[in-house]
Amino acid sequence: MSYSHHTMGSGSRAARRTFEFGRTHVVRPKGKHQATIVWLHGLGDNGSSWSQLLESLPLPNIKWICPTAPTRPVAILGGFPCTAWFDVGELSEDGPDDWEGLDASAAHIANLLSTEPADVKVGIGGFSMGAAMALYSATCCALGRYGNGIPYHVNLRAVVGLSGWLPGSRNLRNKIEVSHEAARRAASLPIFLSHGTCDDVVPYKYGEKSANTLIVAGFRHLTFKSFEGLGHYTVPKEMDEVCNWLTGRLGLEGTCG
């Protein structure tokens, strides 16, 4: 790869791009701290809006970290600048992936989790582009490295993606199959995905295809839920499913109401 693993300042051509992340909002656990989850917003949003919803969930043992993506020009919006975890043009396997943007955001997220206590389980979740970022982080975790080859050190215990898609999906199965360690990590990482059948922003077929790609690549503990008639937004029923899944997968003491 032509770029350095440092996002900023190592002198390589691509390293000139810098990413200024916005404000991070933290929701402290109301009970015993058993898990920490970084939750990622969608395109043009910020961490604050999701922190309010997450605080209302009956999950007293989870600490939520809600960062805000950098503001950058986004190709799918004709170059208009807004908060985005990475640049995206069209949702297509043939379209170019913004590996530098994906790696920079994945590293920022991993850094947010790196200081959590050793006995606290960590995970990543998100909505729309945030879900895409969470799934990219899941692939980094399985492979043990970022797209640029730098080691990925966070041991994710749960990944949640709502109304999203999988970036960087090409050759994922091949990359995982050639490594026993990668195959083992993929097989042991629980993933929960859900998608509305009437989503007009990230069409349902992309969510379904992403789930299938991950399963074929070796992510065996993947749950995919479809919500009939749901558009590009969340509803209480969907969040109830997330609560129940997280409680079961992470072995949390708190229960959902």
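Residues numbered from 1 in each chain as written. Predicted model: local features only at pLDDT ≥ 70, side-chain atom pairs only at ≥ 80, totals over all residues. Heavy atoms only, no water.

This part covers the overall build of the protein chain. In terms of helices and strands, the protein chain carries seven helices and nine strands. Relative to the 2.2 N^0.38 estimate, which gives 18 Å for 257 residues, the radius of gyration of the protein chain is 17 Å and therefore close to what a compact globule would have. Each principal axis of the C-alpha distribution contributes one length, and for the protein chain these read about 50 × 40 × 35 Å. When each of the 257 residues of the protein chain is scored for burial, the buried share is 52%. Relative to all contacts within the protein chain whose residues are 6 or more apart in sequence, the contacts with residues 24 or more apart total 76%. If you sum the accessible surface of the protein chain, you get close to 11,600 Å²; carbon and sulfur atoms cover 50% of it. Both charge centroids of the protein chain, one from 23 positive and one from 23 negative side chains, sit 6 Å from each other. (Helix = DSSP H or I, 4+ residues; strand = E, 2+ residues; numbered from the N terminus. Rg over C-alpha atoms; globule rule 2.2 N^0.38 Å. Buried < 20%, exposed > 50% of the residue type's maximum accessible area, 1.4 Å probe, protein only. Contact = heavy atoms within 4.5 Å. Areas by Shrake-Rupley, 256 points an atom, 1.4 Å probe, with all protein chains shown as cover. Lys, Arg positive; Asp, Glu negative; His and termini not counted. Charge placed at Lys NZ, Arg CZ, Asp CG, Glu CD.)

Opposite charge on two side chains makes pairing possible when the charged atoms of those side chains draw close. Inspection of every chain in the model, using the stated rule, returns seven salt bridges. When the shortest N-O distance is used, the salt bridge between K63 and E116 registers 3.0 Å. Here E116 lies in the loop between α2 (99-113) and β6 (121-127) and K63 lies in strand β3 (residues 62-66), a separation of 53 residues in the sequence. Per residue, the accessibility class of K63 equals that of E116, and both read buried. As a salt-bridge pair, E177 and R173 come within 2.8 Å of each other at their nearest N and O atoms. Taken together, the positions of E177 and R173, both in helix α4 (residues 172-177) and four residues apart, correspond to about one turn of that helix. (Salt bridge = Lys/Arg side-chain N within 4 Å of Asp/Glu carboxyl O.)

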